[in-house]
Amino acid sequence: MKVRVTSDVPSDGHFTVRLVVKDQRAKLTPPPSDGEFSGSVGSVLNDRSKRIMYVGLGDRAQLNSTAVRSAAGSAALVLRQYGHNKVVMVLEERTEFVEAAVEGFVLGGYRYEDFVPKKTAEISELVVSVRKEDVTGARKAAERGVVLAESINAARHLGNAPGNIIYPETLAKHALALARRAKLQCKVMDEKGLRAGKFGGILSVGSGSARSPRLIALEHLGGGKNEAPLVFIGKAITFDSGGISLKPPEKMEEMIFDKCGGIAVLGAMESIARLKIKRNVVGLIASAENMPGGGAFRPGDIIQTRSGVTVEIVNTDAEGRLVLADALSWAREHYKASAMVDLATLTGACGVALGESCAGLWSNHGEFLKTVQSCATNAGEKTWHMPLGQEYSTQIKSSVAQIKNSAGRLGGACSAAAFLEVFAGETKWAHLDIAYTARQTADKDGLARGATGFGVRTLVALAESRG
Ligand code: BES
Ligand code: MN
Ligand code: ZN
């Protein structure tokens, strides 16, 4: 989508979008009834004969960038559906929200249609109209919105691709291509490299699949030569069948989204490179396919992770923590991380606790926790602080190894975090469980169904912060 900011509104053939807060509804002619247009966030009144669309921003008092992003996204979803591909968005009274509006609109314009026979036309052009004196500032804001949305959409696109298309090797190819485009360093460790490096967690999880695992590193060297990097770590299980502890068939197809932690890291690294953030940031993507093949690891196995810590495998479906364990160790050992954040579709239990719109957040460091919390809030991504502690650490003790990879149902999201905590050691660390925020099963909040890209904005905000 081409995005352009101007104070001269083109008069040719564009469809116009106006964002209105609830109390502005009454001023429309004729004033719409509640049923027709409630004015709540993302509600739409479409006047196709006048080629104008009103989109609700909700209550004036609660107006913020999340509402604007979501409303603009809803407009784009509807406009794409109707095939209106040149659009003017009027932001003359909303200049402080140009970034959110542009970002939301570009996000809302994305839909995964690679394999459907009847594709809808992409929206080709967005013209943002602002007052003359605001053009310069609005251009900068719009550009940032475009960079973020394009990075998020590229990540969503990989997230939406099924397991026969995106598997560790092809994910690595995409990372290499991204690195070339965005001028990042990219290093891929294949099975041979992982063996040489004794990455026992990643190798075990990948062992039941015909498609071998990869550890992908993307490096952005925007800071000083000796500055320790901030490291982002993503779980990228390209398909999670559960392995020998096979999942039930219902909804198993949704396990193509088990790579969404990894793709969030990919999206964040793209934005960080394109925004030229002045800091060293590394993205590590631990990728494997969890399958029950003849070479698969099994319940009862005892494996040794990269760090040396031994793990009793109780359930091969608790695989995410195993690949993350090795990546956390690598971040500390090889990259001497100043701080680490991992993102993972780690546990169904996190969804049970927090639902589909809020990610679980754990940390071993009070101050870093606050930084991550405020970055997430500012980025419009909901998180909730969840506990670590002795009780959870005790749950994962093993009688035959140092720890075990599953502690059963109760507090499942917290015992998973306690497992990761072992590998974070003394390094500042935060963990985001995005199991149910990484994807949505219907069009919602200005985003088409499928991968949401959750986490990208928080990571970019973190890279820009001093935390
Ligand atoms: N990828 C799943 C978690 C998941 C479940 C994400 C549902 C999204 C939706 C993870 O690998 C998993 O299977 N976790 C198990 C852990 C258990 C065996 C300790 C779970 O949540 O049941
Ligand atoms: Mn699993
Ligand atoms: Zn999984």
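No experiment lies behind these values; they were computed from the predicted model shown.

## Let's talk about the nonpolar core
And then number 1: Ranked by internal contacts, the top residues of the largest apolar core, which has 93 residues, are V17, M89, F105, L218, F232, I272 and V341.
And then number 2: When residues of this core are assigned to domains, at least three fall in each of domain 1 (2-152) and domain 2 (163-465).
And then number 3: With residues near it in sequence (within four places) discarded, V17 still touches M53, V55, A75, L79, V87, V88, M89 and V90.
And then number 4: Membership of the second largest hydrophobic core comes to 42 residues, among which are V311, I313, A327 and L420.

## Things to note about the layout of surface pockets
And then number 1: By volume, the largest pocket amounts to about 1,100 Å³.
And then number 2: Around the largest pocket, the lining is made up of 40 residues, and of these K247, L346, T347, G348 and A349 lie nearest the centre.
And then number 3: Within the residue set of the lining of the largest pocket, elements represented by two or more residues are β9 (230-240), α8 (320-333), α9 (348-354) and α12 (412-424).
And then number 4: Split by residue class, the lining of the largest pocket holds 16 nonpolar, 11 polar and 13 charged.
And then number 5: By volume, the second largest pocket amounts to about 740 Å³.
And then number 6: Looking at the lining of the second largest pocket, the elements with two or more residues in it are α1 (65-82), α2 (98-108) and β18 (439-440).

## Some details on the pattern of salt bridges
And then number 1: For the structure shown, the criterion picks out 25 salt bridges.
And then number 2: Salt-bridge contacts for K235 lead to D258; the nearest nitrogen and oxygen are separated by 3.2 Å. Highlighted residues: K235 in strand β9 and D258 in the loop between β9 and α7 (260-274), separated in sequence by 23 residues.
And then number 3: By relative accessible area, which is 1% here, K235 ends up buried.
And then number 4: Among the residues examined, D258 registers a relative accessible area of 2% and is labelled buried.
And then number 5: Where E319 meets K235, a salt bridge forms, and the shortest distance between an N and an O atom there is 3.0 Å. Residue E319 is found in the loop between β12 (310-312) and α8, and its partner K235 is found in strand β9; the two are separated by 84 residues along the sequence.
And then number 6: Classification of E319 by relative accessible area gives buried; the value is 0%.
And then number 7: Ionic contacts of the salt-bridge type, sharing partners, join the residues K2, R4 and E125 into one network.

## Focus on the coordination of the manganese ion (ligand 2)
And then number 1: Taken together, the protein ligands of the manganese ion (ligand 2) are D240 (OD), D317 (O), D317 (OD) and E319 (OE), with distances of 2.0 to 2.2 Å.
And then number 2: Viewed at the metal, the 6 donor atoms of the manganese ion (ligand 2) are separated by angles of 71 to 169°, and the geometry they form is irregular.
And then number 3: One chain supplies every donor for the manganese ion (ligand 2), spaced along it as D-x76-D-x1-E.
And then number 4: Separation of the manganese ion (ligand 2) from the zinc ion (ligand 3) amounts to 3.1 Å, with D240 serving as a shared donor to the pair.

## Comments concerning the side chain of T6
And then number 1: Mapping T6 onto the fold places it in strand β1 (residues 2-6).
And then number 2: Among the residues examined, T6 registers a relative accessible area of 9% and is labelled buried.
And then number 3: In terms of polar contacts, T6 uses its side chain to reach the backbone amide nitrogen of D8, at 2.9 Å.
And then number 4: Sequence-distant contacts of T6, defined by excluding residues within four places in its chain, comprise V127, V128, S129, V130, V135 and R139.

## Points about the site of ligand 1
And then number 1: Close to ligand 1 lie 16 residues, the nearest being K247, D258, D317, E319 and G348.
And then number 2: In this structure, D240 approaches ligand 1 through a side-chain N or O atom, which is 2.9 Å from an oxygen atom.
And then number 3: Separating a nitrogen atom of ligand 1 from a backbone N or O atom of T345 is a distance of 3.3 Å.
And then number 4: Counting atoms within 2 Å of the grid points, the majority share of ligand 1 lands in the largest pocket.

Rules and cut-offs
- Residues numbered from 1 in each chain as written.
- Chains lettered and ligands numbered in written order.
- Predicted model: local features only at pLDDT ≥ 70, side-chain atom pairs only at ≥ 80, totals over all residues.
- Heavy atoms only, no water.
- Core = buried A, V, L, I, M, F, W, Y, C linked by side-chain atoms within 4.5 Å.
- Buried < 20%, exposed > 50% of the residue type's maximum accessible area, 1.4 Å probe, protein only.
- Domains from an automatic or database assignment.
- Contact = heavy atoms within 4.5 Å.
- 1 Å grid on protein atoms, 1.4 Å probe; cavity = no way out; pocket = protein on both sides within 12 Å on 5 of 7 lines; lining within 4 Å.
- Points joined across faces, edges and corners; volume = space filled by probe spheres on them.
- Helix = DSSP H or I, 4+ residues; strand = E, 2+ residues; numbered from the N terminus.
- Nonpolar A, V, L, I, M, F, W, Y, C, P; charged D, E, K, R; others polar.
- Salt bridge = Lys/Arg side-chain N within 4 Å of Asp/Glu carboxyl O.
- Donors = N, O, S within 2.8 Å, 3.2 Å for Na, K, Ca; no water.
- Tetrahedral: all angles 85-135°; square planar, octahedral: opposite > 155°, others 65-115°.
- Polar contact = N/O pair within 3.5 Å; in protein donor to acceptor, adjacent residues only side chain to side chain.
- Near = heavy atom within 4 Å.
- Sits in = over half its atoms within 2 Å of the grid points.

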